[in-house]
Amino acid sequence: MLKKSLQRYAAMGDKMKACFDIAPETFILPNEYIPFAFFYNEGFVRICTHRYNTDSEDMNDLFMHLTNSSIQKHGHMDQVSDNPVNNAEATEAGGTKARYDFLGFSPYPGSILDVIVKSLVAGEDSIPFQVNSFDLYGYDILLDESFRPWLIEINSSPSMGRDNSLDYVIKDALIYDTMRLVRPLHFDRAALLSILNRRAHDLAQEKKRPNQLPPTEVEARALQQLNEDLTDILHGERPRQYGEMPQHMGNFQRIAPNKTRLFDFIIELSV
């Protein structure tokens with residue numbers, strides 16, 4: 001897929017419907033604690049600092065290709081008069097990035113969401129299943145002249161570094177909304193330490209004098225004690241049950257599972 005994508009990119013030349021070559025960077029939250037995938041409705045469009053062309057003498061110009069920001073930041077964007085970033089507000093564009101809607105691509109094409117869902121289904125067997133965890137992925141996607149998306153890569157640890165005002169606007173909101181969606185519960189460390197000490201003492205006593213109660217009663221008492229301990233540790237807050245939708249979505253939207261025919265079709269193909 002990557003090879004085919006780059007071949008199409010090289011063949012497109014000046015057919016791109018933007019002043020500069022673009023590649024949206026989106027964020028996705030596959031949540032094992034909640035068996036859903038969520039798409040964040042804000043992201044970046046990476047902008048090359050030099051206009052793309054197919055002249056052979058310019059093919060070695062790194063700044064006209066979709067290269068890493070660490071390279072593009074040396075491309076002197078202000079020297080290109082029609083660069084749309086030059087006159088942008090700091091919260092709309094900065095460096096080699098722009099908000100997705102700044103260049104007129106709003107909302108996200110549904111085809112981008114389709115690519116993300118397909119990739120999650122294709123890689124499902126490689127994603128470790130842990131009911132008490134979540135992952136945040138960053139997707140790099142290339143748009144061709146028809147705005148058809150081509151998946152370039154998926155970053156398992158997208159950078160949360162902030163180099164400009166736009167980074168602060170989008171990434172701070174992303175981090176905030178992620179923590180609100182996942183909602184890790186606060187716990188009382190002192191209560192936890194006290195309970196662990198008590199359990200260690202109880203285990204030591206059981207080794208000296210084994211419990212003579214029936215197994216069913218032992219299990220019932222253990223469950224009751226566990227509930228009491230969790231209540232003390234979490235101050236009465238109830239952990240979200242597996243499969244329960246979060247209360248706070250922020251700027252996320254759920255993309256999988258969903259009730260569309262396309263999603264059902266993708267799942268059928270993967271079986």
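Keep in mind that this is a model prediction, so the values were computed, not measured.

Let us look at the overall build of the protein. The helix and strand inventory of the protein stands at seven helices and eight strands. Taking all 271 residues of the protein together, the buried fraction comes to 35%. Per element, the accessible surface of the protein, about 16500 Å² overall, is 53% carbon and sulfur.

A separate point is the packing of helix 5 (residues 189-208) against helix 6 (residues 215-233). Relative to each other, helix 5 and helix 6 sit at 155 degrees, their axes nearing to 9 Å. When the axis of helix 5 is compared with that of helix 6, the two are roughly antiparallel. Of the two elements, helix 5 crosses helix 6, and the hand of that crossing is right-handed. Contact residues: helix 5 offers Ala191, Leu192, Ile195, Arg198 and Arg199, while helix 6 offers Gln225, Leu226, Asp229, Asp232 and Ile233. Of the residues that constitute the contact of helix 5 with helix 6, the class distribution is five nonpolar, one polar and four charged.

Take the pattern of salt bridges next. Across all of its chains, the model carries eight salt bridges by this definition. For Glu244, the salt bridge goes to Arg238, with nearest N and O atoms at 3.3 Å. Given the relative accessible area of 26%, Glu244 is considered partly exposed. The class for Arg238 is partly exposed, based on a relative accessible area of 47%. Bridged by salt links that share partners, the residues Arg198, Arg199, Asp202 and Asp229 form one connected network.

Here the focus is the environment of Pro257. Along the chain, Pro257 falls in the loop between strand 8 (252-256) and helix 7 (261-270). With a relative accessible area of 31%, Pro257 lands in the partly exposed category.

This next bit is on helix 4 (residues 165-182). Taking 1.5 Å of rise per residue, the 18 residues of helix 4 would be expected to cover 26 Å, and the 26 Å separating its terminal C-alpha atoms lies within 8% of that figure. For helix 4, the complete set of buried residues consists of Leu166, Asp167, Ile170, Lys171, Leu174, Asp177, Thr178, Leu181 and Val182. Taken end-on, helix 4 shows its buried residues confined to a sector of 135 degrees, consistent with a single buried face. The backbone nitrogen of Leu166 lies 3.1 Å from a side-chain oxygen of the residue at the head of helix 4, namely Asn164.

Let us now look at the confidence of the model for the protein. With 73% of its residues at a pLDDT of 70 or more, the protein shows a mean pLDDT of 75. Scored below 50 in pLDDT, residues 1-22 shows 58 contacts in the model against residues more than four places distant or in partner chains.

Calculation rules
Residues numbered from 1 in each chain as written. Predicted model: local features only at pLDDT ≥ 70, side-chain atom pairs only at ≥ 80, totals over all residues. Heavy atoms only, no water. Helix = DSSP H or I, 4+ residues; strand = E, 2+ residues; numbered from the N terminus. Buried < 20%, exposed > 50% of the residue type's maximum accessible area, 1.4 Å probe, protein only. Areas by Shrake-Rupley, 256 points an atom, 1.4 Å probe, with all protein chains shown as cover. Axes fitted to C-alpha atoms, helices over the stretch in contact; angles between N-to-C directions. Parallel < 35°, antiparallel > 145°, perpendicular 65-115°, else oblique. Left-handed = near helix turned anticlockwise from the far one by under 90°. Contact = heavy atoms within 4.5 Å. Nonpolar A, V, L, I, M, F, W, Y, C, P; charged D, E, K, R; others polar. Salt bridge = Lys/Arg side-chain N within 4 Å of Asp/Glu carboxyl O. Expected span 1.5 Å × (residues − 1). Arc of directions from axis to C-beta. Polar contact = N/O pair within 3.5 Å; in protein donor to acceptor, adjacent residues only side chain to side chain. pLDDT = per-residue confidence, 0-100.

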